[in-house]
Amino acid sequence: MMKKKSISASKASLVFFLCQMISALDVPLDLSQPPTITQQSPKDYIVDPRENIVIQCEAKGKPPPSFSWTRNGTHFDIDKDEQVTMKPNSGTLVINIMNGGKAEAYEGVYQCTARNERGAAISNNIVIRPSRSPLWTKEKLEPNQVREGDSLVLHCRPPVGLPPPIIFWMDNAFQRLPQSERVSQGLNGDLYFSNVQPEDTREDYICYARFNHTQTIQQKQPISVKVFSMDSLNDTIAANLSDTDIYGAKPVTERPPILLTPTGTTSNKVELRGNVLLLECIAAGLPTPVIRWIKEGGELPANRTFFENFKKTLKIIDVSEADSGNYKCIARNILGSTHHVISVTVKAAPYWITAPRNLVLSPGEDGTLICRANGNPKPSISWLANGVPIAIAPEDPSRKVDGDTIIFSAVQERSSAVYQCNASNEYGYLLANAFVNVLAEPPRILTPANKLYQVILDSPALIDCAYFGSPKPEIEWFKGVKGSILRGNEYVFHDNGTLEIPAAQKDSTGTYTCVARNELGKIQNEVQLEVKDPTMIIKQPEYKVIQRYGHVSFECIIKHDSTLIPTVIWLKDNDELPDDERFLVGKDNLTIMNVTDKDDGTYTCIVNTTLDSVSASAVLTVVARPNPPFDLELTGQLERSIELSWIPGDENNSPITSFVIEYEDGLHEPGVWHYQTEVPGSQTTVQLKLSPYVNYSFRVIAVNEIGRSQPSEPSEQYLTKSANPDENPSNVQGIGSEPDNLVITWESLKGFQSNGPGLQYKVSWRQKDVDDEWTSVVVANVSKYIVSGTPTFVPYEIKVQALNDLGYAPEPSEVIGHSGEDLPMVAPGNVQVHVINSTLAKVHWDPVPLKSVRGHLQGYKVYYWKVQSLSRRSKRHIEKKILTFRGNKTFGMLPGLEPYSSYKLNVRVVNGKGEGPASPDKVFKTPEGVPSSPSFLKITNPTLDSLTLEWGSPTHPNGVLISYILKFQPINNTHELGPLVEIRIPANESSLILKNLNYSTRYKFYFNAQTSVGSGSQITEEAVTIMDEVQPLYPRIRNVTTAAAETYANISWEYEGPDHANFYVEYGVAGSKEDWKKEIVNGSRSFFVLKGLTPGTAYKVRVGAEGLSGFRSSEDVFETGPAMASRQVDIATQGWFIGLMCAVALLILILLIVCFIRRNKGGKYPVKEKEDAHADPEIQPMKEDDGTFGEYSDAEDHKPLKKGSRTPSDRTVKKEDSDDSLVDYGEGVNGQFNEDGSFIGQYSGKKEKEPAEGNESSEAPSPVNAMNSFV
């Protein structure tokens, strides 16, 4: 969808060069030469009779020519006619019509002659005719009364004008009458009706004739047409005839085609070569015939054939003799066909094969003038010399006429003349002037010196050397100042002196010298050539598909010669971009914002320099959801089906894939649209199934890849007839809500399913397996009916049948329901418990009789709870657990029991109503199990040869502890383990001193508890005996604890030893023989988070330190939590929560600072009573006259006291002075003077008295007080 075009400036130069070749022997105007006609009016010159007539005749020559005219073959003396003037230095005539002259008086054939001493040139015969626009003749037009289906021709018959007028038909409102295959205008201006329809009835068929030269429009009188339809004719006949008469016009009958124009079966047509051939066939018939054209014995010419006027007109442009032949038009409809053959003959006015060209000869040279023309019939050739037939012209011995050629031999200066060649036949003539100019002139070069030529690399370079001389000079080319003559295939030398380099290269740049010489002299000229790099579009615009209201951008990145300045122009559909601010033209792109449908088209980037031009185009396709369909039509209406058809809307460049049909039931659900069906996008009709008693309206929605269109306008409504219901309610159920009722429910029919008015339901029921009759009741349009007084949980047969005013639906199917349930009456019996192991038991029971269930058996529930632990007497809250076993099961497993415990359980049966009574409690005990690990193991009091061990009993002993097992072994510096020692410790012990150990040795201890079942999980620890009597700061990691979650675990520990230890955490799956995984702890932290753990897995972990002597903690075992469907987010770890808390803390800190500043600024001055109690006359003298402070006595300024005025010189505050605190004076008192004049709270900032806060310290206030003060 992209195209690129490059236009080099050298191609334009080539065109210019060809023109130069034609006029290569143009004589410079400073040399003597015969006249040459340069401009003249057309041969057939139709003028506006209201304006001045200007007849052009311009010529050049040396000396300048004089002009004369003939009119109708005789001399036209312009001096005798005051209305006629000739322009100065010109032969153009101006006939003054606007000041009294009449154009008709100057009608005729004019010819201009331009003459000087070297000859005379003449113009064509110019036929002057004023244009005419006559009025229509008065005529009485009778109304046209025509029967529906008949053909009709309304004749225009315009007045004869010059030139012929343009015909069109309009109405009184100046609106063009619509035309179609049925109604159209012929080439003669008549209006043809292939068959008339009632809508053709009107009284204002008006034919207009527009005369372009006079810019006038003439109007024919309105023509009236009245079409009689068959229905109206039958009504008229029926009103005038008796019932016994046979009456009734024939209905509209279909008719085969007949031709209205042309008439007959054959006709002839003559057209001139080069003109436009127009052939026409218009036919009558019903249905309207279709026209087809063929050429007998050949094909219609490609690229020159067009069909117009609904294929009634065949148009062939630029016809030639090869287009002669028989053309057949065929009119066809379903009843038959007819045809007409037009025999076309193409004639030709004369046209040039070789027109005579000017000759410039030197004295004694030879030459020829050739005049060759063709035509049909073949034209005759005649010669004139200086406007006079050559036969009667003065003799010239150097001249010889040979048919269409004049031969000149050994010409002399007196041989100079202008010769005219006339080629004519019955269809026209050609006249050409060609002079013979005899001159003796040395060479001259007309191309300017040092002219600069610039061309694009690999393009043709055309370097001019325009010259003149007589005899004709010879031209030679050289490159460079001292270059040799240019020869060879890489250069082309043209007759007009031009040097062509077919594909210029970089090394073609330089100076070129042109030398012209003849026998009279020699001359040379230098020119310059520069070769430039071509302009290229290296990133072209690409095809884009964009949705409506989107943005799109086309790129156009260029590369060009650095010495050339490019300009970039964007076009849309080969025209300027719209004047719209949505179009943004950048340096190398075009952006269109908010694309609309009208932006669809081809966008072209054109890059121009002074030497070349390149362009690239891309298509923008704007897609959108389709427009809604329209013109919905309902046909073929039946009781249960109808056909819907529509016309698709514009698909907006994205093909419609499907149509969705929806319907509205205006009777039952007005305003609600329902899906009906969907059809492929190629389909525009659909047969729709209908339901009775529905007032249908339909609408159609078009769908393409972009989306769905807006719905179409609704179709007309169609109400279907009522009928019995076709179906019964669905989802019929019978479920009792109480022990003595049966609730029958169903899904009601939709409105359109009722098939008629008065929709009701017949509800029927009877007890199953009992020989009862059906009980029935008819209810309104509801969806529930309750039957009361039923036995408890008894099966019933139920059916619900729809009916309306027209009858019943088909017999419904029966469903089984049950009356209401009641609680079960009997508890399960023979409950037995079989203890499998210390954590699992199996319970058995006998099923209850089904009759006692009194409902749908849903299963059994086992309630069980732990009474007490047998290993210790501890009161605890009893938590009952419930396990439900679905269906009619008689056993179940109880997992998760605690070892060595006493349990109770009972069993209950469950139905839809609830649970039945419980079975008697059954007691069972679980056997002992292995204990959990000891709660802790501490190693203290290390000496040279002993360690003290302390431990706690297991959290879950799971039986009677019989002993503890202690195992230990030494560890050397390479972490190798020594021999293992095992010690059994009585169960009632909680500490042990190990003696006779090696000094300065690390030991690893394994400690666990035992019951009669076996040993529990062990706890490990490491410790070191001391060396000599010095108490070293031995390193130790102890109290390793874990807090595990689903996929991570927090590991923390305590460290004793020198600083700067580098810790690491090792972990692995408990019981696995895989190597430990190691994680390095950053810094000297005593915690670490293990991540990426597997949920529900037991892990072992230990902490170690690198460096020093190297040591590790004892192992700890933990288990991650089970995988959860969703994880509860810890709010304390959320970034937003931490940020919020930081913001709150910062706000409180700011409030504290503000409050502290305020309290420092005011309310800090002791009152007079304090002064009296702690008087210090040296520090605070008093004035006796007003009782205020002596040092700060300005009561009007209320300035705060200086800091430190009450503080002793030793910077301390005595306890007995602490009553004079900030709070005493800054809060809780009014800013007033007492009766004795002492100052109280003047600077506290309080306007109202506040309650005393009691004794407060003189320190900074609490945050609460600070906030109160701030507020």
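Not measured: the values here are computed from a predicted model. (Residues numbered from 1 in each chain as written. Predicted model: local features only at pLDDT ≥ 70, side-chain atom pairs only at ≥ 80, totals over all residues. Heavy atoms only, no water.)

(A) Structural context of empty space enclosed by the protein. Following the criterion strictly, the structure yields four cavities of 30 Å³ or more and no others. Approximately 40 Å³ is the volume found for the largest cavity. Considering the residues around the largest cavity, the lining is formed by L937, K938, I939, E1021, R1036, R1038 and N1039. Its residues placed into classes, the lining of the largest cavity shows two nonpolar, one polar and four charged. (1 Å grid on protein atoms, 1.4 Å probe; cavity = no way out; pocket = protein on both sides within 12 Å on 5 of 7 lines; lining within 4 Å. Points joined across faces, edges and corners; volume = space filled by probe spheres on them. Nonpolar A, V, L, I, M, F, W, Y, C, P; charged D, E, K, R; others polar.)

(B) Broad picture of a negative patch on the surface. Among the surface-exposed residues, D631, E633, E643 and E716 lie close enough to one another that they form a single negatively charged patch. Examined against the element boundaries, D631 turns out to sit in strand β58 (residues 630–635). Of the residues examined, D631 reaches a relative accessible area of 53% and is grouped as exposed. (Patch = residues over 30% accessible without salt bridge, like charges linked within 9 Å, V, L, I, M, F, W, Y side chains within 5 Å. Areas by Shrake-Rupley, 256 points an atom, 1.4 Å probe, with all protein chains shown as cover. Salt bridge = Lys/Arg side-chain N within 4 Å of Asp/Glu carboxyl O. Lys, Arg positive; Asp, Glu negative; His and termini not counted. Charge placed at Lys NZ, Arg CZ, Asp CG, Glu CD. Helix = DSSP H or I, 4+ residues; strand = E, 2+ residues; numbered from the N terminus. Buried < 20%, exposed > 50% of the residue type's maximum accessible area, 1.4 Å probe, protein only.)

(C) Here's a closer look at the environment of D402. Within the element layout of this structure, D402 appears in strand β35 (residues 399–402). A relative accessible area of 48% places D402 in the partly exposed class. Separated by 32 residues in sequence, D402 and I370 place their C-alpha atoms 9.6 Å apart.

(D) Seen up close, the sheet that holds strand β54 (residues 583–585). Read from one edge of the open sheet, three strands run β50-β55-β54, paired in antiparallel fashion. Of all strands in the sheet, those bounded by a partner on one side alone are β50 (552–555) and β54. Across the sheet, the mean angle from the axis of one strand to that of its neighbour is 15°, orientation sign disregarded. Both β54 and strand β55 (residues 589–592) contribute to a ladder of three bridges, which runs antiparallel. By the bridge assignment for β55, F583 is matched with I592. (Pairing = 2+ DSSP bridges. Axes fitted to C-alpha atoms, helices over the stretch in contact; angles between N-to-C directions.)

(E) Spatial organisation of the pattern of salt bridges. If you walk through the whole model with that rule in mind, you get 36 salt bridges. Between R582 and D580 there is a salt bridge; the shortest N-O distance is 3.0 Å. Put simply, D599 and R582 hold a salt bridge, and the shortest N to O gap is 2.8 Å. One end of the pair, D599, is in the loop between β55 and β56 (601–608); the other, R582, is in the loop between β53 (575–576) and β54, with 17 residues separating them in the sequence. Note on accessibility: D599 and R582 belong to one class, buried. Residues participating in the shared-partner salt-bridge network are R147, D150 and R255.

(F) Spotlight on the side chain of N704. Relative to the assigned elements, N704 resides in strand β63 (residues 695–704). In this structure the side chain of N704 is engaged in a polar contact, spanning 3.5 Å, whose partner is the backbone oxygen of E651. If we ignore the near neighbours within four places in the chain, the residues touching N704 are A624, R625, P626, E651, S654, P655, I656 and T657. (Polar contact = N/O pair within 3.5 Å; in protein donor to acceptor, adjacent residues only side chain to side chain. Contact = heavy atoms within 4.5 Å.)

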